[in-house]
Amino acid sequence: MRGIHRGAAFVLIAALSLTACGGSGESDDNPLTGGGGDGGDGKSIVVGSANFPENQLLAEIYAEALEAKGLKVTRKFDIGAREVYYDQVVKGGIQVFPEYNGALLATAVDKTSTATGTEDINAALKKKLPSSVEILDSAEAQDKDSVTVTAETAEKYDLKTLADLEPVAGKWTIGAGSEFKTRAQGWIGLKKIYGVEFGKFQPLDAGAQSTLLKLLNSDKVQAANIYTTDPAIVEDKLVVLEDPKNLFSSQNVTPLVHKSAVNDTAKAALNGVSAKLTTEDLLDMMKKLVNDKEDASTVAKEWLTKTGLAS
């Protein structure tokens, strides 16, 4: 769902902050102003990102892949949650965006959809997206939402699946991005599908993963919405609860583009990324970004060079 993704620092409300950060391309102080392509000839394309590290990394990969084909890119990163940026892509203020197909469908395009698999999700998106936008090829790489607990909590309460939370959740607090509270693939779905309702909700912004992890490891929250490519799951020996009823749908990395702003060269560059990007690649890059504190542009360039998508 990309509520707190697939990264590094939650501060309540900042999900809607509009502070830009960028790599080597152009930007201005407000990521939702300025920019714009030049009629779809591929010479200038606005690439946007949400406000969490993985999505910013993916946006940088897209930007550098486009630049490797000789296309001019304007970066508008760190925009905020989908509730902020999606409309901008539809209107063309943002023209290329690294999306997660299941979350895009369920939170922005068709909140009543029951599609959970990659093919069904993409078919629904192609049918129901506004005419100004389209999705390109999905990558194998996925970064799914999860409800995660510490190993100690899982052992103490014999937790293996989301259904196992039902007897204990009423006394617990779950930490998650503020949007988790109102999404079907979140608080609402937990209650509807699994009969699980937490006693308290601790909202955090998608930029504060380290804060969420501290709260979880110190038992100040007993469960957390953490993305499955977060390196902390392995390092902190956390337990991702199984989701046998598919509350959280497939979340393949998928470019969402404003049709008039991307030509065939741009589409080929973006589809080239999808053809190569795996979940293992994403986890490896996130370790470099979060743990080793490498710069996103360096990590992106490394991967693009290794896969032959840039020289």
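Residues numbered from 1 in each chain as written. Predicted model: local features only at pLDDT ≥ 70, side-chain atom pairs only at ≥ 80, totals over all residues. Heavy atoms only, no water.

(A) Layout of the pairing of strand β2 (residues 72–76). Of all the five residues making up β2, four are buried; the element is thus mostly covered by neighbouring parts of the structure. Pairing geometry for strand β1 (residues 44–48) and β2, over five bridges, is parallel. The residue bridging V46 from the neighbouring strand is T74, located in β2. What joins β1 to β2 is helix α1 (residues 53–68), and the crossover it makes is right-handed. (Buried < 20%, exposed > 50% of the residue type's maximum accessible area, 1.4 Å probe, protein only. Helix = DSSP H or I, 4+ residues; strand = E, 2+ residues; numbered from the N terminus. Pairing = 2+ DSSP bridges. Right-handed = clockwise from strand over helix to strand, strands pointing away.)

(B) Spotlight on the layout of surface pockets. Taken as a whole, the largest pocket holds about 340 Å³ of empty space. When contributions to the lining of the largest pocket are tallied by element, the ones reaching two or more residues are α3 (101–109) and α6 (184–194). No other element matches the six residues that α6 contributes to the lining of the largest pocket. Looking at the lining of the largest pocket residue by residue, the class counts come to eight nonpolar, nine polar and three charged. (1 Å grid on protein atoms, 1.4 Å probe; cavity = no way out; pocket = protein on both sides within 12 Å on 5 of 7 lines; lining within 4 Å. Points joined across faces, edges and corners; volume = space filled by probe spheres on them. Nonpolar A, V, L, I, M, F, W, Y, C, P; charged D, E, K, R; others polar.)

(C) Geometry of the sheet that holds strand β5 (residues 147–149). Judged by pairing direction, the sheet is mixed, and its five strands sit side by side in the order β7-β6-β8-β5-β9 without closing on themselves. The two strands at the open ends of the sheet, each matched to only one other strand, are β7 (200–204) and β9 (239–240). Note that strand β6 (residues 173–177) and strand β8 (residues 223–225) share two bridges and pair parallel. Counterpart to I174 in the pairing with β8 is A223.

(D) Here's a closer look at the side chain of E99. Along the chain, E99 turns up in strand β3 (residues 96–100). The exposure class of E99 is buried, given its relative accessible area of 1%. One polar contact links E99 to R82, side chain to side chain, over a distance of 2.9 Å. Beyond its immediate stretch of four places on either side in the chain, E99 contacts R82, Y85, L104, N252, V253, T254 and L256. (Polar contact = N/O pair within 3.5 Å; in protein donor to acceptor, adjacent residues only side chain to side chain. Contact = heavy atoms within 4.5 Å.)

(E) Summary view of the nonpolar core. In this structure, V47, I61, L66 and V253 are the most contacted members of the largest nonpolar core, which totals 59 residues. The element that contributes the greatest number of residues to this core is α1, accounting for eight residues. Contacts of V47, omitting those with residues within four sequence positions, involve A59, Y62, A63, L66, V73, T74, R75, K76, F77, I94 and V96. One finds L159, F180, W187 and A223 within the second-largest nonpolar core, a separate group that totals 22 residues. (Core = buried A, V, L, I, M, F, W, Y, C linked by side-chain atoms within 4.5 Å.)

(F) Main features of the pattern of salt bridges. Tallying each qualifying case throughout the model produces 11 salt bridges. In this structure, the salt-bridge partner of D110 is K128, at a minimum N-O distance of 2.7 Å. On the criterion of sequence distance, the pair formed by D110 in the loop between α3 and α4 (118–128) and K128 in helix α4 is long-range, its members being 18 residues apart. Across the pair K288 and E302 runs a salt bridge whose closest N-O atoms are separated by 2.9 Å. You can see K288 sitting in helix α10 (residues 279–291) and its partner E302 sitting in helix α11 (residues 296–306), a full 14 residues away along the chain. Sharing partners across several salt bridges, the network here consists of E60, E67 and R75. (Salt bridge = Lys/Arg side-chain N within 4 Å of Asp/Glu carboxyl O.)

(G) Structural view of the confidence of the model for the protein chain. When pLDDT is averaged across the protein chain, the result is 87; 86% of the residues are at 70 or more. Confidence over residues 33–40 falls short of pLDDT 50; this stretch has 19 contacts with residues more than four positions distant or in other chains. (pLDDT = per-residue confidence, 0-100.)

(H) Quick peek at unusual backbone geometry. Here the phi dihedral of D158 falls at roughly 55 degrees; this positive angle occurs in a residue that is not glycine. Topologically, D158 is positioned in the loop between α5 (151–157) and β6. Here D158 falls in the partly exposed class, since its relative accessible area comes to 48%. Unlike most non-glycine residues, K293 shows phi in positive territory, near 60 degrees. Mapped onto the elements of the fold, K293 is located in the loop between α10 and α11. Note on K293: relative accessible area 65%, which makes it exposed.

(I) The arrangement of the packing of α1 against α10 in detail. Relative to each other, α1 and α10 sit at 110 degrees, their axes nearing to 11 Å. Taken together, the axes of α1 and α10 are roughly perpendicular relative to one another. Residues P53, E54, L57, L58 and I61 of α1 pack against L282, M285, M286 and L289 of α10. (Axes fitted to C-alpha atoms, helices over the stretch in contact; angles between N-to-C directions. Parallel < 35°, antiparallel > 145°, perpendicular 65-115°, else oblique.)

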